[in-house]
Amino acid sequence: MRRENAIAVLCRGHDERHAVVAGLTMHLPEYAPVPEGECDAGCVSTLIDGTRATCELRLPMGRYVGEASWDPERHGVCFPADTPEEQRRRCRWLVGLSLYRAVCDVRGHDSPWGGLSGVRPAKVAAYILRRGCGFQKTQQLLCDVYLLHPDKAALCAEAAVEEMKIAAALRPEDAALYVGIPFCPTVCGYCSFVSRRATPDALSGYCESLHSEISSLGRGLYNAGYRVRALYIGGGTPTVLDADSLEALCSHMRASVDLSACGEFTVEAGRPDTVTTEKLSVLKDAGVGRICINPQTLSDDVLVGIGRRHTADDFRCAFRMARDMADWEINCDLIAGLPGETVDGYLSGLSEIISMLPEQITVHSLALKNASRMTEEGQTLSDRLGRMLTDGEKLLRDAGYRPYYIYRQKFSEGGENVGWMKEHRINAYNILMMEELCSVFAVGAGGVSKILRSGGLDRMTNPKYPDEYCNRIGEIAERKRVLPKPYRGA
Ligand code: SF4
C-alpha cells in the first residue's frame, strides 16, 4: 500500500500509544503514524482521570474530534476497572473508541465492526458472557459499548458460545498438533503465506526432515504428559504430496505420536487440482475425518486472475470424489472480495457450494488496501465486500449454517474470516488454535508452537523457509524432544 501522508501521534495522560497507532493503521490506512513533530497532520489522544478520552485529528481537510467516557452503570459489565489490568483495558477501550468516533467524523459514516479492534472478537463476547450476561444482553452490549452493527455482534456472540463449550470440555494436558506442508502447485496472487512451488526433490527432502521432527515431538509430548485432541495437516497444500508420501506421513505420525485421544484429524486438500481418488483413499485409511477442498471462487476468470491453476469444474469434481470416498466432513473455503469478482458472481458461487452440502464453509474476506477506490461495478471496495458478506451471511443462515469461529485480520477494518457449520459439525482445531485455548504444537517450516504457561503463552518458532528448515532440522527436532509439562493453572 502506498502511504502518501503521515500523521504525528501525541498521547496525553496515558501511555497507550500502541492502541492509537493500531487504531490509525486500521481505520485510516492512508496515513502512516510517525512521532510528533515530523509532519503537520496530527492525532492527539488525551485521557482524563482514566474515565474520559478525546481524540483530535488534524488533517489537511479539517479538524475532527471524537470523545468517549466510562459510565459504571452502562459500561461496568464490560469494564469493571477493579484491578490494574482491568483499568488498562478500560483505558485502551476509551482511547480506541474516541479515535474511532473521530474517524467516523472524517468519513461521514461508521463501520460494521465499530470501535472493536483485535483479531479475536469472540473473546470480547466470551468475556461478557462469563460475567453472567445472557446471549441477547451480550449482543446488546457489543452494540452499545463497542458500537458494532447487530450482525457483527451476533457473529461474535454465537462464536463465543461455541468457544466456551470447547473450553469447558478441555483438560490441562490437552493439546493440538499442526503439521505444515508449505508447498503448492502454483502460488496464488493474494497469498500471504510462505509457500514454495512443489518439486519432487524439494518435497522428498522436506518430508525426511518433517518425519524427524515428528519423531522428536512424539517423544516430547509423551514424556511431558500431553494428550492430543486435534490434529491438522495444513499448508500450503498437503495434497501436493503423492499418495505414497501422504501414506508415509500419516503412518509415521501414528507411529510416533499417541493419537488415541485425538477426536479430530483434518487434512487440507486445498487445491482441487491436487486431489485424486488414490490420495483420498490413503487419507480415508489413515483415519482422516475432515478434509478441506477450497475453490475460493467459482468464477474461472477470477481463478485465472489470481493465479490458481484449477477451474471451478476441478473443484466440483474433487468435491464429488471426496463425497463418494468416505463419510467424512468437508469444509470449503471461499474468499469474498477477490479482484474481478462481482457481488452477483460471488453470491452465485456461494449458493452453489451451499447446495453441495459441505459440513463447513469458511468465508475469508480479502483485506482491503484502499477501501475508497471505485471498482468496475461503480461501488467502493468496501461497499462491494460489505454486500458480499451481508447477503452471503443471509444465504448461509437461511440454509441452516451457523458461525462457530471468527477472526479478523490484523489492522484491517473489513478483513474478517468466519467459519460456518451445519448441524453442529464444528472444527475444534480452528477454535483451539485461534482462541489459544490449549497448547498447540506445530511441526514443519513456519510452524509456531504456542505453549500455555502461567499468564500467557511461550512460542517456539521454526524457520519460515523450507530450505532453512531442512538445513537446521537437527537442532529443531532436538528442541521438541523435551517439552515443558502441561500448565495446570495457578
Ligand atoms: S493455495 Fe493457499 S498457501 Fe498455496 S499459494 Fe494459494 S493461498 Fe498460498
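Residues numbered from 1 in each chain as written. Predicted model: local features only at pLDDT ≥ 70, side-chain atom pairs only at ≥ 80, totals over all residues. Heavy atoms only, no water.

**Student:** So what exactly am I meant to see when it comes to the layout of surface pockets here?
**Tutor:** Considered as a void within the structure, the second largest pocket measures approximately 1100 Å³ in volume. Lining the second largest pocket are 26 residues; nearest its centre among them are Arg92, Ser117, Gly118, Val119 and Val124. Secondary-structure elements contributing two or more residues to the lining of the second largest pocket are helix H1 (17–27), helix H3 (84–107) and helix H4 (121–130). Considering every element that reaches the lining of the second largest pocket, the biggest residue donor is H1, with six residues. The class makeup of the residues in the lining of the second largest pocket is 11 nonpolar, eight polar and seven charged. Shared between two domains, the lining of the second largest pocket holds at least three residues of each, these being domain 1 (1–72 + 87–104) and domain 2 (170–443). (1 Å grid on protein atoms, 1.4 Å probe; cavity = no way out; pocket = protein on both sides within 12 Å on 5 of 7 lines; lining within 4 Å. Points joined across faces, edges and corners; volume = space filled by probe spheres on them. Helix = DSSP H or I, 4+ residues; strand = E, 2+ residues; numbered from the N terminus. Nonpolar A, V, L, I, M, F, W, Y, C, P; charged D, E, K, R; others polar. Domains from an automatic or database assignment.)

**Student:** Got a minute to help me understand the site of the ligand in this structure?
**Tutor:** Around the ligand, a shell composed of Cys184, Thr186, Val187, Cys188, Tyr190, Cys191, Phe193, Ser195, Gly236, Thr237, Arg271 and Arg308 is seen. Classifying every residue of the shell around the ligand by side-chain character gives six nonpolar, four polar and two charged. (Near = heavy atom within 4 Å.)

**Student:** Please explain the domain arrangement of the protein as it appears in this structure.
**Tutor:** For interface size, the figure often reported is the accessible area lost on association. In terms of domains, the protein is made up of domain 1 (1–72 + 87–104) and domain 2 (170–443). With five residues of domain 1 in contact, the opposing surface of domain 2 contributes five residues. Our enumeration of links across domain 1 and domain 2 arrives at zero salt bridges. Summed over the shared surface of domain 1 and domain 2, the number is zero residue pairs in polar contact (both at pLDDT 80 or more). Class assignment of the residues belonging to the side of domain 1 that touches domain 2 gives a composition of three nonpolar, two polar and no charged. (Contact = heavy atoms within 4.5 Å. Salt bridge = Lys/Arg side-chain N within 4 Å of Asp/Glu carboxyl O. Polar contact = N/O pair within 3.5 Å; in protein donor to acceptor, adjacent residues only side chain to side chain.)

**Student:** What is the right way to look at the sheet that holds strand E3 (residues 42–48) in this model?
**Tutor:** Pairing is mixed across the open sheet formed by five strands, whose spatial order is E2-E1-E3-E4-E5. The sheet is open, and its two edges are formed by strand E2 (31–35) and strand E5 (62–69), each paired on a single side. Across the sheet, the mean angle from the axis of one strand to that of its neighbour is 20°, orientation sign disregarded. Pairing of strand E1 (residues 5–12) with E3 involves five bridges; the strand directions are parallel. Bridge pairing in E3 links Ala8 to Gly42. (Pairing = 2+ DSSP bridges. Axes fitted to C-alpha atoms, helices over the stretch in contact; angles between N-to-C directions.)

**Student:** Quick question: what am I supposed to make of the pairing of strand E6 (residues 174–181) here?
**Tutor:** Regular strands place side chains that alternate from one sheet face to the opposite one. With eight of eight residues buried, E6 lies mostly within the body of the structure. Burial along E6 is two-sided: the face carrying Asp174, Ala176, Tyr178 and Gly180 and the face carrying Ala175, Leu177, Val179 and Ile181 are both buried. Examined bridge by bridge, E6 and strand E9 (residues 227–235) share eight bridges and lie parallel to one another. By the bridge assignment, Asp174 is partnered in E9 with Arg227. Bridge analysis of E6 against strand E16 (residues 439–443) gives five bridges, and the strand direction is parallel. Each bridged residue has a counterpart across the sheet, and for Val179 the counterpart in E16 is Val443. (Buried < 20%, exposed > 50% of the residue type's maximum accessible area, 1.4 Å probe, protein only.)

**Student:** Can you walk me through a negative patch on the surface in this structure?
**Tutor:** Judged by side-chain charge, Asp242, Asp244, Glu247, Glu278 and Asp285 come together as a negatively charged surface patch. Looking at the negative patch, the elements that each hand over two or more residues are helix H8 (243–256) and helix H9 (277–285). Relative to the helices and strands, Asp242 is located in the loop between E9 and H8. (Patch = residues over 30% accessible without salt bridge, like charges linked within 9 Å, V, L, I, M, F, W, Y side chains within 5 Å. Areas by Shrake-Rupley, 256 points an atom, 1.4 Å probe, with all protein chains shown as cover. Lys, Arg positive; Asp, Glu negative; His and termini not counted. Charge placed at Lys NZ, Arg CZ, Asp CG, Glu CD.)

**Student:** Would you mind going over the packing of aromatic side chains with me for this structure?
**Tutor:** In this description, an aromatic ring pair is defined by two values, namely the gap between the centres and the angle between the planes. Here the structure, examined in full by the defined rule, presents 11 aromatic pairs. Ring plane angle 70° and centroid distance 5.2 Å describe the contact between Phe183 and Tyr206, whose orientation is recorded as edge-to-face. One end of the pair, Phe183, is in strand E7 (residues 183–184); the other, Tyr206, is in helix H7 (residues 200–224), with 23 residues separating them in the sequence. Residue classification places Phe183 among the buried residues on the basis of a relative accessible area of 2%. With relative accessibility at 1%, the residue Tyr206 sits in the buried group. On the numbers, 5.3 Å between centres and 45° between planes, the contact of Tyr404 with Tyr405 is tilted. As far as burial versus exposure is concerned, Tyr404 and Tyr405 are alike and both buried. In this structure an aromatic cluster arises from ring pairing among Phe79, Trp93 and Tyr146. (Phe/Tyr/Trp six-rings, centres within 6.5 Å; stacked < 30°, edge-to-face > 60°.)

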